[in-house]
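One-letter residues, chain by chain:
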Amino acid sequence: MTRSQPSAGLTRDQAYALVDAVMERDDLAITAAAHEDDATGEWVFEATCDAAPDLAAFAELARQTLGGDVTFSVEPIDPTVNWVAKSLEGLAPVAAGGFYVYGSHETGPVPAGLTPIRIDAAQAFGTGHHETTTGCLEAIDRVLKGRRFDSLLDVGTGTGILAIALAKRTRIPVIASDIDPVAVTTTADNARQNGVAKLVIPVQATGLEHRRIASGAPYDLIVANILAGPLAALAPAVGRVTERGAAVILSGILDHQAARVISAYARQSMVLQHKLTRNGWATLILERR
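Residues numbered from 1 in each chain as written. Predicted model: local features only at pLDDT ≥ 70, side-chain atom pairs only at ≥ 80, totals over all residues. Heavy atoms only, no water.

Turning our eyes to something else, we now look at the overall build of the protein chain. Scanning the protein chain from N- to C-terminus turns up nine helices and 14 strands. Radius of gyration (C-alpha) of the protein chain: 19 Å, near the 19 Å computed for a compact globule of 289 residues. Each principal axis of the C-alpha atoms in the protein chain carries an extent, and together these give about 55 × 40 × 35 Å. For the protein chain, the residues scored as buried account for 53% of the 289 residues in total. Across the protein chain, every contact between residues at least 6 apart in sequence was considered, and the portion connecting residues at least 24 apart equals 66%. Of the charged side chains in the protein chain, 25 are positive and 32 negative, and the gap between their average positions amounts to 13 Å. (Helix = DSSP H or I, 4+ residues; strand = E, 2+ residues; numbered from the N terminus. Rg over C-alpha atoms; globule rule 2.2 N^0.38 Å. Buried < 20%, exposed > 50% of the residue type's maximum accessible area, 1.4 Å probe, protein only. Contact = heavy atoms within 4.5 Å. Lys, Arg positive; Asp, Glu negative; His and termini not counted. Charge placed at Lys NZ, Arg CZ, Asp CG, Glu CD.)

To continue, consider the side chain of Thr-157. With respect to the helices, strands and loops of the structure, Thr-157 is situated in the loop between strand E8 (152-155) and helix H5 (161-170). A distance of 2.7 Å separates polar atoms of two side chains, one belonging to Thr-157 and the other to Asp-154. (Polar contact = N/O pair within 3.5 Å; in protein donor to acceptor, adjacent residues only side chain to side chain.)

Time to look at unusual backbone geometry. Residues other than glycine predominantly adopt negative phi, and peptide bonds predominantly adopt the trans conformation. In this chain, Ala-217 is followed by Pro-218 through a cis amide linkage whose omega measures 0°. The residue Pro-218 is located in the loop between helix H7 (211-216) and strand E11 (219-225) in this model. Even without being a glycine, Arg-171 presents a positive backbone phi close to 60°. Looking at the element boundaries, Arg-171 is found in the loop between H5 and strand E9 (174-178).

On to the pattern of salt bridges. Counted under the stated rule, the structure contains 11 salt bridges. Across the pair Arg-63 and Glu-60 runs a salt bridge whose closest N-O atoms are separated by 2.8 Å. Of the two residues, Arg-63 and Glu-60 are both situated in helix H2 (residues 55-66); the distance of three residues between them amounts to about one turn of the helix. Here Arg-169 and Asp-141 are joined by a salt bridge, their closest N and O atoms 2.9 Å apart. In this pair, Arg-169 sits in helix H5 while Asp-141 sits in helix H4 (residues 131-146), placing the two residues 28 residues apart along the sequence. Connected via shared salt-bridge partners are Glu-60, Arg-63 and Asp-69. (Salt bridge = Lys/Arg side-chain N within 4 Å of Asp/Glu carboxyl O.)

Here's what the structure looks like:
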């Protein structure tokens, strides 16, 4: 089977955003990475595909993620190159909200005062490089400084990065749900690697439809980093499983979509407390009244 590599020159933030968007799907590429071209200083998005890539699908995903047209070039892959190692090289550590997210390839020390989270690329969605993930980490840091929580839920957990962040900071159990069985397995693996396997409880669920989620209600802190449409649709279900005074952190929302999501949750008595914006992406902190 001949593998190929679609690529595009982007800004650093755009390249990492597109990496996370591609890795959220299982039909476009085996893996994706972002790296800086040493010769030109330009950042490059690259994906690895088993066969000829679906360039139309890549272009459409780029439009949805970045808000504009992207032109991809395609090259055959040299079978002698270790592309997994190459993809890891492009992922630098990320610091956000007092957390330090890094891959297993990173050999440097963890900066003093930061909570380390080890997450490798080429798994499920969430390596810490996208604005929605860093926004959630900052929001988690913000709400945890204000009060103590007892019942935690991470919806659309992906790699488990947010559930792991919550478990490390609070040292109490976190239910981590995702519709994708690969994400559930990945979350369990990452929780084990981060020393919180006993605290992170991965479950496969469509939305909030799972007996383990129902039995853990009501929740006083829910985090959901998915997309604006699904978040708005989930508002009634989130309202049913939150207690009065609960904090709800929502992301995966383009800034122009925020009003729609805020309105959907306001109808369920959850009102906006803070809005964090990073490069056109919004993270919302709501409170259940």
